[in-house]
Amino acid sequence: MNKTMLVALGTLVMFGASSCSRSAAEPKGIDAANLDTSVAPGDDFYDYACGGWMKANPLKPEYSRFGTFDALGENNREQVRDLVEELAKADNAAGTNAQKVADLYKMGLDSVRLNNDGVAPIVEDLAIIAETPREKIIDLIATMPGVDAFFGTGVEADLANADKNAMYWAQGGLGLGNRDYYTDQTERAETIRKAYTTYLTTLAKLIGYDEAQTKRFTDNVMAIETELAKNQMTRTELRNIEAQYNPTSVAQLAKEYPNVDLSHYFDLQKLKVDSVIVGQPAYYATVSKVLKEADEQALRDYVAASYMSSAAPYLSDEFINAAFELDKVISGVEQQQPRWKRSLAVPNSILGEALGELYVEKHFPASSKEKMLTLVGNLQTALGQHIENLTWMSDTTKARAKEKLAAFTVKIGYPDKWRDYSALTIDPELSYWKNVQNAILFNQDYNNADYGKPVDRTRWYMSPQTVNAYYNPTTNEICFPAGILQPPFFDPEADDAVNYGAIGVVIGHEMTHGFDDQGRQFDKDGNFANWWTEADAKAFNEVADKLVAQFDSIEVAPGVHANGRLTLGENIADQGGLRVAHTAYLNSLNGQEAPVIDGFTPDQRFYLAYANVWAGNIRPEEVLSRTQNDPHSLGRWRVNASLRNLQPFFEAFNITEGQPMFLPESERVIIW
């Protein structure tokens, strides 16, 4: 959930569901149907708190994972679908946002046209790629939408000067995304590589290659991508911010990587770039070597594969099905989403704020924003209390931490100004893919236009209808889109303990990201700067390492353990969110005793609400995929592993030594 970027049998009667009815004035508490009371809270709290929900929501074939986040996402998608289908029925003036949204949606739905077009929308670009000499490969990367080969560039705030935008250069160019799928020698990695080879073979045949050409194509792509993968940083290594901040002049880069002409690359994008922040310096030596030494036809095949993979979702069913067969192996999903969902996702992404403006007008009341502002203020106060009470941090660093907390920018619901899409043309006379290419160029120009300019701190990095939240370190902001401000995360009619346990923890989670292993390296103004004393930084790292070890010890599948280092930031934020939200809830009571509702005490409702946020079912393949790729821990462990460090949780459910959920005080880890 960040930008970047997750019980004794004898006590069951005291927190079982009450059979009495609720009065009209009584706030909503916990939905007892979510529980599985055949499981004792002290044995497995996740199964106890979420087992009923999991049984009532079995995985459908189109999902590799389905949880409460996904359920709310489905609800939002239906709301957005209603908006888009109203636009699709209307007579929209050319050039309006309504026309662009409606036409993109209808093009995605038109399977007859897409299947009749077949390979035609990509023939011209493939012909250009097939004739491109070695020295012009860089031209394709710079100018042809859909070619995501070798690396990526983009404009973001300069980490050392957060008020100004800089150009970044980052590793990329892998069809499978994660380098480990190419380098691991496990049975799973081999299965995925085989599926990827099958996918590449299908692409080659769809564009008319014979058997010999197909083998050449797949062999060349696999060889180049494997060489690139071997020299990329791992996902865990990519959490080292300092190692990836390497400002270098373009002139110097030309000397270090003579076969990667970045000056020409930026000229083609109509940019004058003097300096670039290099993310992974060692990797570009490999890129330079491959561009010089690889067979010219191999380079063309590699670029063509990248291009076709980008285009596949917007072509005929044969291309879409080929990509889906690969996804089935990686995630375990059994069935494609219906066409309307896939079609809706395109305008919802490309024209996200245009749809967001319509969405909030219909589905986000002003009262929700006001209540959220109050909650955020209470959470800030509570986090300040936690900082003040830290035993491992000096007064000097505490003062700076509280300054950073006070400087948070809070964004709730939707932006104050909406994005202008007037420069984007959507033409139904062109192919679906050509329109998407136009959108890629539109977004590239939108991003590049910020180069060298002051950072716009009012900009949002999620659309209002998104079911998520984020913390951005370079602007020191927390953002909660309207999409997540609905049940079960936020319910104006719910008991305060429930709201604090759900959206309150989400708020605390995002705040804590400002002080996790990465966020703590940025000051109150968003600059990558060391504001810690040496002793405090050492103390933080020591306790963080203990949390890493806790999660490393979790076996998520037979013989497979969680990656505590990859998930460290999210685990710190989960724990911080829980502790800070609980304190904020207690503060909100002003010394008054909260009632028992439906047989649950306030603290029980708080922790049950938190667990219900992460209720979900997941396929075994997706467990392995997320463990390898996702900086968030799996939902089960975001509940069970995080709660085992919290004494108030044990007290709420009378969990004592000898029960599986219990963790001795000497083994508990508390950071914030």
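What this report covers is the structure whose coordinates are included nearby. Quick caveat, the model's predicted, so the values are computed rather than measured.

What counts, and at which threshold
- Residues numbered from 1 in each chain as written.
- Predicted model: local features only at pLDDT ≥ 70, side-chain atom pairs only at ≥ 80, totals over all residues.
- Heavy atoms only, no water.
- Helix = DSSP H or I, 4+ residues; strand = E, 2+ residues; numbered from the N terminus.
- Rg over C-alpha atoms; globule rule 2.2 N^0.38 Å.
- Buried < 20%, exposed > 50% of the residue type's maximum accessible area, 1.4 Å probe, protein only.
- Areas by Shrake-Rupley, 256 points an atom, 1.4 Å probe, with all protein chains shown as cover.
- Lys, Arg positive; Asp, Glu negative; His and termini not counted.
- Charge placed at Lys NZ, Arg CZ, Asp CG, Glu CD.
- Salt bridge = Lys/Arg side-chain N within 4 Å of Asp/Glu carboxyl O.
- Contact = heavy atoms within 4.5 Å.
- Expected span 1.5 Å × (residues − 1).
- Pairing = 2+ DSSP bridges.
- Axes fitted to C-alpha atoms, helices over the stretch in contact; angles between N-to-C directions.
- Phe/Tyr/Trp six-rings, centres within 6.5 Å; stacked < 30°, edge-to-face > 60°.
- Lys NZ or Arg CZ within 6 Å of the ring centre and 35° of its normal.
- Core = buried A, V, L, I, M, F, W, Y, C linked by side-chain atoms within 4.5 Å.
- Polar contact = N/O pair within 3.5 Å; in protein donor to acceptor, adjacent residues only side chain to side chain.

### What about the overall build of the protein?
Here's step 1: Secondary structure assignment for the protein yields 26 helices and 11 strands.
Here's step 2: Relative to a compact globule of 672 residues, whose C-alpha radius of gyration would be 26 Å, the protein shows 26 Å and is just as compact.
Here's step 3: Projected onto its principal axes, the C-alpha coordinates of the protein cover approximately 75 × 60 × 50 Å.
Here's step 4: Within the span of the protein, comprising 672 residues, buried residues form 56% of the whole.
Here's step 5: For the protein, the exposed surface amounts to about 27,800 Å²; the carbon and sulfur share of it is 50%.
Here's step 6: Mean positive and mean negative side-chain charge positions of the protein (62 and 92 charges, respectively) differ by 2 Å.

### Re the side chain of D125
Here's step 1: Within the fold, D125 resides in helix 5 (residues 120-130).
Here's step 2: The side chain of D125 sits in the buried core without any salt bridge; K434 is the nearest counter-charge, 5.9 Å away.
Here's step 3: Beyond its immediate stretch of four places on either side in the chain, D125 contacts M144, Y307 and Q437.

### Digging into helix 15 (residues 339-350)
Here's step 1: End to end, helix 15 covers 17 Å across 12 residues, agreeing with the expected 16 Å (1.5 Å per residue, within 8%).
Here's step 2: Looking at the packing, one finds that the buried side of helix 15 touches helix 2 (68-89), helix 3 (97-109), helix 4 (111-117), helix 14 (317-331), helix 16 (352-363) and helix 19 (432-448).

### Here we look at the pattern of salt bridges
Here's step 1: Applying the stated criterion across every chain yields a total of 35 salt bridges.
Here's step 2: Between E325 and K328 there is a salt bridge, and its shortest N-O distance comes to 3.5 Å. Here E325 pairs with K328, and both are found in helix 14, just 3 residues apart, close to one helical turn.
Here's step 3: R626 is paired through a salt bridge with E622; the nearest N and O atoms lie 2.9 Å apart. Remark: E622 and R626 occur in helix 24 (residues 620-629); sequence separation between them is 4 residues, near one turn of the helix.

### Observations regarding the pairing of strand 2 (residues 151-158)
Residues in a regular strand point their side chains to alternate faces of the sheet.
Here's step 1: Strand direction decides the pairing type here: strand 2 and strand 3 (residues 161-171), joined by 8 bridges, are antiparallel. When the bridges of strand 3 are listed, V155 appears paired with M167.
Here's step 2: Two successive antiparallel strands, strand 2 and strand 3, enclose a turn made up of 2 residues.

### Details of the sheet that holds strand 8 (residues 477-481)
Here's step 1: Taken together, the 3 strands give an open sheet; going across it, the order is 6-8-7, and neighbouring strands pair in mixed fashion. Among the strands making up the open sheet, the edge pair consists of strand 6 (409-413) and strand 7 (470-472). Each strand axis lies, on average, 15 degrees off the axis of its neighbour in the sheet, ignoring direction.
Here's step 2: Where strand 6 lies against strand 8, 5 bridges are found, and the strand directions are parallel. Within strand 8, the residue paired with K411 across the bridge is C479.
Here's step 3: The strands touched by helix 17 (residues 366-389) are strand 6 and strand 8; relative to strand 6, the strand with the most contacts, the crossing angle is about 150 degrees.

### Focus: the packing of aromatic side chains
Here's step 1: Within the structure shown, the criterion is met by 43 aromatic pairs.
Here's step 2: Relative to W672, the ring of W532 has its centre 6.3 Å away and its plane inclined at 75 degrees; by these criteria the two rings are edge-to-face. Linking W532 in the loop between helix 20 (496-513) and helix 21 (534-552) with W672 in the segment after helix 26 (647-652), this pair joins segments that are 140 residues apart in sequence.
Here's step 3: A relative accessible area of 5% places W532 in the buried class.
Here's step 4: Here the aromatic cluster, defined as three or more aromatic residues joined through ring pairs, consists of F45, Y48, F606, Y607, F649, F650, F653 and F662.
Here's step 5: Its guanidinium or amino end placed over the ring of W340, R81 lies 3.9 Å from that ring's centre, counting from NZ or CZ.
Here's step 6: Note that K404 overlies the ring of F515, its terminal NZ or CZ placed 5.5 Å from the centroid.

### Things to note about helix 12 (residues 281-293)
Here's step 1: In this model, helix 12 (13 residues) spans 19 Å end to end at C-alpha, consistent with the 18 Å of a helix rising 1.5 Å per residue.
Here's step 2: If you check which residues of helix 12 are buried, you get Y283, Y284, T286, V287, S288, V290 and L291.
Here's step 3: Elements in contact with the buried residues of helix 12: helix 6 (137-143), strand 2, strand 3, helix 9 (211-230), strand 5 (275-278) and helix 13 (296-311).

### Considering unusual backbone geometry
Leave glycine aside and you will find that most residues have negative phi; peptide bonds, for their part, are mostly trans.
Here's step 1: In the segment running from P487 into P488, the intervening peptide bond is cis, with an omega of 10 degrees.
Here's step 2: Mapped onto the elements, P488 comes out in the loop between strand 8 and helix 20.

### A look at the nonpolar core
Here's step 1: Counting 193 residues, the largest nonpolar core has F45, F150, F151 and W672 as its most contacted members.
Here's step 2: Judged by nonpolar contacts, the second largest core, of 7 residues, contains A166, Y168, Y245 and F522.

### Regarding the sheet that holds strand 4 (residues 246-249)
Here's step 1: On the basis of which strands lie adjacent, the open sheet formed by 4 strands has the order 2-3-5-4 and mixed pairing. The open sheet is flanked by strand 2 and strand 4, the only strands paired with a single partner. On average, adjacent strands in this sheet sit at an angle of 35 degrees to one another, irrespective of strand direction.
Here's step 2: Sitting on the sheet, helix 12 touches strand 2, strand 3, strand 4 and strand 5, and the angle it makes with strand 3 is about 45 degrees.

### Comments concerning the pairing of strand 3
Here's step 1: Note: strand 3 against strand 5, 2 bridges, orientation parallel. Among the inter-strand pairings, W169 is bridged to a residue of strand 5, identified as V278.

### A closer look at the side chain of D495
Here's step 1: Along the polypeptide, D495 turns up in the loop between strand 8 and helix 20.
Here's step 2: A polar contact is formed between the side chain of D495 and the side chain of R605, at a distance of 2.6 Å.
Here's step 3: Once residues lying within four places of it in the same chain are set aside, the contact partners of D495 are P27, K28, I597 and R605.

### Notes on the environment of E429
Here's step 1: Here E429 shows up in the loop between strand 6 and helix 19.
Here's step 2: Taking the C-alpha atoms as reference, E429 lies 36 Å from R216; in sequence the two are 213 residues apart.

Purely geometric stuff here, so don't read any function into it on its own.
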